[in-house]
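Each chain, letter by letter, is given below.
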Amino acid sequence: MTTTDGTTDGPATADARGAGHARMAGVSGVVFALLFTAGLVLVHQVPGLSAPDSDYVAFYTAGSRDVLVALGLYIVPFAGIAGLWHMIATRTLLQVLRPGSWSQIPHWLQLASGVLFVGTLFTGAAAVGAVALLSQLSPAPLPPPDVARALSAVGYAMVFVYGVRAAGMYMITTTRLAWTAGLLPRWVAALSYVIAAFLLVSVTYHPGILLVFPAWVLAVSILLLVRPPTEGTP
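So, how was this worked out
Residues numbered from 1 in each chain as written. Predicted model: local features only at pLDDT ≥ 70, side-chain atom pairs only at ≥ 80, totals over all residues. Heavy atoms only, no water. Helix = DSSP H or I, 4+ residues; strand = E, 2+ residues; numbered from the N terminus. Buried < 20%, exposed > 50% of the residue type's maximum accessible area, 1.4 Å probe, protein only. Contact = heavy atoms within 4.5 Å. Core = buried A, V, L, I, M, F, W, Y, C linked by side-chain atoms within 4.5 Å. pLDDT = per-residue confidence, 0-100. Phe/Tyr/Trp six-rings, centres within 6.5 Å; stacked < 30°, edge-to-face > 60°. Lys NZ or Arg CZ within 6 Å of the ring centre and 35° of its normal. Salt bridge = Lys/Arg side-chain N within 4 Å of Asp/Glu carboxyl O. Axes fitted to C-alpha atoms, helices over the stretch in contact; angles between N-to-C directions. Parallel < 35°, antiparallel > 145°, perpendicular 65-115°, else oblique. Nonpolar A, V, L, I, M, F, W, Y, C, P; charged D, E, K, R; others polar.

Engineer: Is there a simple way to explain the side chain of Thr175 in this structure?
Structural biologist: Summarising the element assignment, Thr175 is placed in helix H6 (residues 145-180). Note on Thr175: relative accessible area 0%, which makes it buried. Non-local contacts of Thr175, meaning those with residues more than four positions away in its chain, are made with Leu184, Ala189, Ser192, Tyr193 and Trp216.

Engineer: Would you explain the nonpolar core in this entry?
Structural biologist: The tendency in soluble globular proteins is for nonpolar side chains to be buried side by side. Membership of the largest hydrophobic core comes to 53 residues, with the highest contact counts inside it found for Phe36, Tyr60, Phe117, Leu183, Leu210 and Phe213. For this core, the secondary structure elements donating two or more residues are helix H1 (11-43), helix H2 (53-62), helix H3 (65-97), helix H4 (105-128), helix H5 (130-137), H6, helix H7 (186-201) and helix H8 (212-226). Top element by residues in this core is H6. It accounts for eleven residues. For Leu183, the residues in contact, after removing those within four places along its chain, are Leu93, Leu94, Leu97, Ala178, Leu223, Leu224, Arg227 and Pro229.

Engineer: Looking at this structure, how should I read the confidence of the model for the chain?
Structural biologist: A low pLDDT score tells you not to read the predicted coordinates there in detail. Confidence along the chain averages 86 in pLDDT terms, with 90% of residues attaining 70 or more. Predicted confidence for residues 1-8 stays below pLDDT 50, and this span has eleven contacts to residues more than four positions away or in other chains.

Engineer: I'm lost on the packing of aromatic side chains in this one. Help?
Structural biologist: Each pair of aromatic rings is reported with the distance of its centres and the angle of its planes. Overall, the coordinates contain nine aromatic pairs when judged by the stated rule. Feature note: the residues Phe32, Phe36, Phe117, Tyr170, Phe213 and Trp216 constitute an aromatic cluster, connected by ring pairs. Over the ring of Trp108 we find Arg91, and its NZ or CZ is 5.4 Å from the ring centre.

Engineer: In this structure, what is going on with the pattern of salt bridges? I would like to understand it.
Structural biologist: Two side chains that carry opposite charge are able to pair once their charged atoms sit near each other. For the coordinates displayed, the defined rule picks out one salt bridge. Here Arg149 and Asp53 are joined by a salt bridge, their closest N and O atoms 2.9 Å apart. Remark: Asp53 occurs in helix H2 and Arg149 occurs in helix H6; sequence separation between them is 96 residues.

Engineer: I tried to follow the packing of H2 against H6 on my own but got confused; where do I start?
Structural biologist: Helices that pack against each other are described as a pair by the angle of their axes relative to one another and the distance between those axes. Interhelical geometry of H2 versus H6 gives an angle of 90 degrees and a closest axis separation of 9 Å. Comparing their axes, H6 and H2 come out roughly perpendicular. Residue-level contacts link Asp53, Tyr56, Val57 and Tyr60 of H2 to Pro145, Ala148, Arg149 and Ser152 of H6. Taken together, the residues that form the contact of H2 with H6 break down as five nonpolar, one polar and two charged.

Engineer: I keep staring at the environment of Leu121 and nothing clicks. Help me out?
Structural biologist: With respect to the helices and strands, Leu121 occurs in helix H4. Sequence spacing of Leu121 and Gly80 is 41 residues, and the spatial spacing of their C-alpha atoms is 7.8 Å. For Leu121, the contacting residues outside a window of four places in its chain are Phe36 and Val76.

And the structure:
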C-alpha cells in the first residue's frame, strides 16, 4: 500500500493503521450511542403534542423536570460530536481498506447524510427544549402553552420526519461501503438494509424509533472492536 508521501507500507503497517481506525470508529460509535440515548431520554420528558395546556403549565412551573430537559440539551451536542467522530473515523477506515472508494457516490452520500442527521438532531432538540432552557436561564415570563407546543412540533418534525430519513440513508450508504470493504458479514449487511428501509418509510412519532439508529451504530461499533480488519480484508 502506497502512502501519500510516496512510501510503501508493509502488511504489518497496514494492519496497524486499519486496526487503529477501526478502534477509533468503534469507541466513538459506542460513546455516540450512549450519549444519544441519554440525551433523548432527558429531552423527551417534555409534554407530548397532544398533552393539554394544564400539563404544559405544570411541567414548566414545577422547576424540577425541566432542569433535566435542559441537561439533555447540553448532552445532545456531545452526542453529535461523537457521531461526527464515528463517521469520519469510519470513512477513514474505508479509505484505507479501499483507496478508490472516494470516487463512489455512496462515499459522498454517507458524508452528506451523516452531517444532515447531526444538524437536524441539533435543531430538533433545541426546539423541543427551548422553553425548558428559557425557564432555567431567564426570569422573563414563559410563553403560553400553545407556543411551547408549536416549538415541540417543529422539533418533532425536524427529528422524526427529516432526521430519521437522514439516519436511514446513512445506514444504507455505510452498509454498502462497509460490506464491500469486508467489514460486515453478509447477514449483518442484509439486516442493516432492512432496518434502514424501515426508517425511511416509518411515519411514527414514538421516541422508540429514534433508538433504532444508535442501536445499529452500537452493534456496528462493537463489531469493529471485536473483529478489526486486517490486510487480508477484501
